Amino acid sequence: MSVEELYRDVILDHYRKPRHPGEIENADAKVEGVNPSCGDELLLTLRWDDDTVADAAISGSGCSISQASASMMTDKIIGMTADEVRELVGRFKAMMTITDGDPGIDPDRPGAALGDIEALQGVRKFPVRIKCADLAWTALEEVLTQHSAA
Ligand code: ZN
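Report follows, based on the coordinates. The shown structure was predicted, so the numbers you read here are calculated from the model rather than taken from an experiment. (Residues numbered from 1 in each chain as written. Predicted model: local features only at pLDDT ≥ 70, side-chain atom pairs only at ≥ 80, totals over all residues. Heavy atoms only, no water.)

Attention shifts here to the packing of aromatic side chains. Here the distance between the centres and the angle between the planes together describe a pair of aromatic rings. With the rule as written, the count across this model stands at 1 aromatic pair. Judged by centre distance (4.1 Å) and plane angle (5°), the ring pair of F92 and W137 falls under stacked. Placement of F92 in helix α3 (residues 82-97) and of W137 in helix α4 (residues 127-149) is noted, with a sequence separation of 45 residues between them. (Phe/Tyr/Trp six-rings, centres within 6.5 Å; stacked < 30°, edge-to-face > 60°. Helix = DSSP H or I, 4+ residues; strand = E, 2+ residues; numbered from the N terminus.)

Shown next, in the form of structure tokens:
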């Protein structure tokens with residue numbers, strides 16, 4: 001099995017079996033994301049326990065890239081502190097946009113240490129689909145902004 005096939009399987013697995021689907025009751029944050037160019041839409045709900053992500057869920061519909069990215073993201077951030085989430089968002093964005101030598105990032109494996117999320121790094125070859133992969137993460141950035149303003 002090639003790396004591409006492995007990545008595709010990881011993406012399809014998250015698409016078919018989203019890890020944290022639906023909406024959280026008593027959510028502290030609710031942020032919608034829409035990607036008109038592809039028709040993806042999602043709603044991220046998240047609950048903080050002080051400065052730690054207590055729970056997060058995604059509802060919505062769209063292409064496999066957008067939904068799988070959202071599933072991977074929720075799976076990863078639950079239990080993280082706001083600072084850790086901020087760092088993760090930075091790593092994800094770097095993985096999708098890497099052009100030159102960021103000292104913290106291996107150019108051949110920019111998604112290393114991201115777990116399943118690394119499977120999305122192939123998407124950066126297809127600029128139209130980067131917006132699909134980014135959608136949930138842009139919503140998460142808004143949640144972080146709201147949290148730090150609170
Ligand atoms: Zn899409």
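With the rule as written, the count across this model stands at 6 salt bridges. A salt bridge links R86 to D83; the nearest nitrogen and oxygen atoms lie 2.9 Å apart. With R86 and D83 both in helix α3, this residue pair falls 3 residues apart, about one helical turn. With a shortest N-O distance of 3.4 Å, E87 and R91 are connected by a salt bridge. On the criterion of helical spacing, the pair formed by E87 and R91 is a turn pair, its members being 4 residues apart in helix α3. Given a relative accessible area of 32%, R91 falls into the partly exposed group. One network of salt bridges, in which partners are shared, links D13, K17 and R19. (Salt bridge = Lys/Arg side-chain N within 4 Å of Asp/Glu carboxyl O. Buried < 20%, exposed > 50% of the residue type's maximum accessible area, 1.4 Å probe, protein only.)

In this section: the nonpolar core. Counting 41 residues, the largest nonpolar core has I77, L120, W137 and L140 as the members making the most contacts within it. Only α1 (3-16), β1 (29-35), β2 (40-49), β3 (52-61), α2 (64-77), α3 and α4 provide two or more residues apiece to this core. With 10 residues, the top contributor of residues to this core is α4. Those residues in contact with I77 that sit more than four places away from it in its chain are L46, V53, A56, V85, L88 and L140. (Core = buried A, V, L, I, M, F, W, Y, C linked by side-chain atoms within 4.5 Å. Contact = heavy atoms within 4.5 Å.)

Six octahedral donors around a metal ideally make angles of 90 or 180 degrees; four tetrahedral donors ideally make 109.5 degrees. For the zinc ion, the full set of protein donor atoms is C38 (SG), D40 (OD), D40 (OD), C63 (SG) and C132 (SG), and the range of their distances to it is 2.2 to 2.7 Å. The sequence pattern formed by the donor residues of the zinc ion is C-x1-D-x22-C-x68-C. Placement of the pair is C38 in the loop between β1 and β2 and C132 in helix α4, with a sequence separation of 94 residues. The exposure class of C132 is buried, given its relative accessible area of 1%. (Donors = N, O, S within 2.8 Å, 3.2 Å for Na, K, Ca; no water.)

Viewed as axis vectors pointing N to C, α3 and α4 meet at an angle of 155°, and their least axial separation amounts to 10 Å. When the interaxial angle is binned, α3 and α4 end up roughly antiparallel. In the crossing of α3 with α4, the sense of the turn from one axis to the other is left-handed. Listed contacts from α4 to A82, V85, R86, L88, V89, F92, K93 and M96 of α3 are I130, A133, D134, W137, T138, L140, E141, L144, H147 and S148. (Axes fitted to C-alpha atoms, helices over the stretch in contact; angles between N-to-C directions. Parallel < 35°, antiparallel > 145°, perpendicular 65-115°, else oblique. Left-handed = near helix turned anticlockwise from the far one by under 90°.)

Attention now goes to the environment of T81. The residue T81 is located in the loop between α2 and α3 in this model. Of the residues examined, T81 reaches a relative accessible area of 27% and is grouped as partly exposed. For the pair T81 and D49, spaced 32 residues apart in the sequence, the C-alpha separation amounts to 9.3 Å. In this structure, T81 is in contact with D51 and T52, ignoring residues within four places of it in sequence.

Located in the positive-phi region is N26, a residue other than glycine, with phi close to 55°. Here N26 shows up in the loop between α1 and β1. In this model, D50 sits at a positive phi of 60°, which is unusual for a non-glycine residue. With a relative accessible area of 69%, D50 lands in the exposed category.

It is worth stressing that arrangement in space is one thing and function is another; only the former is reported here.
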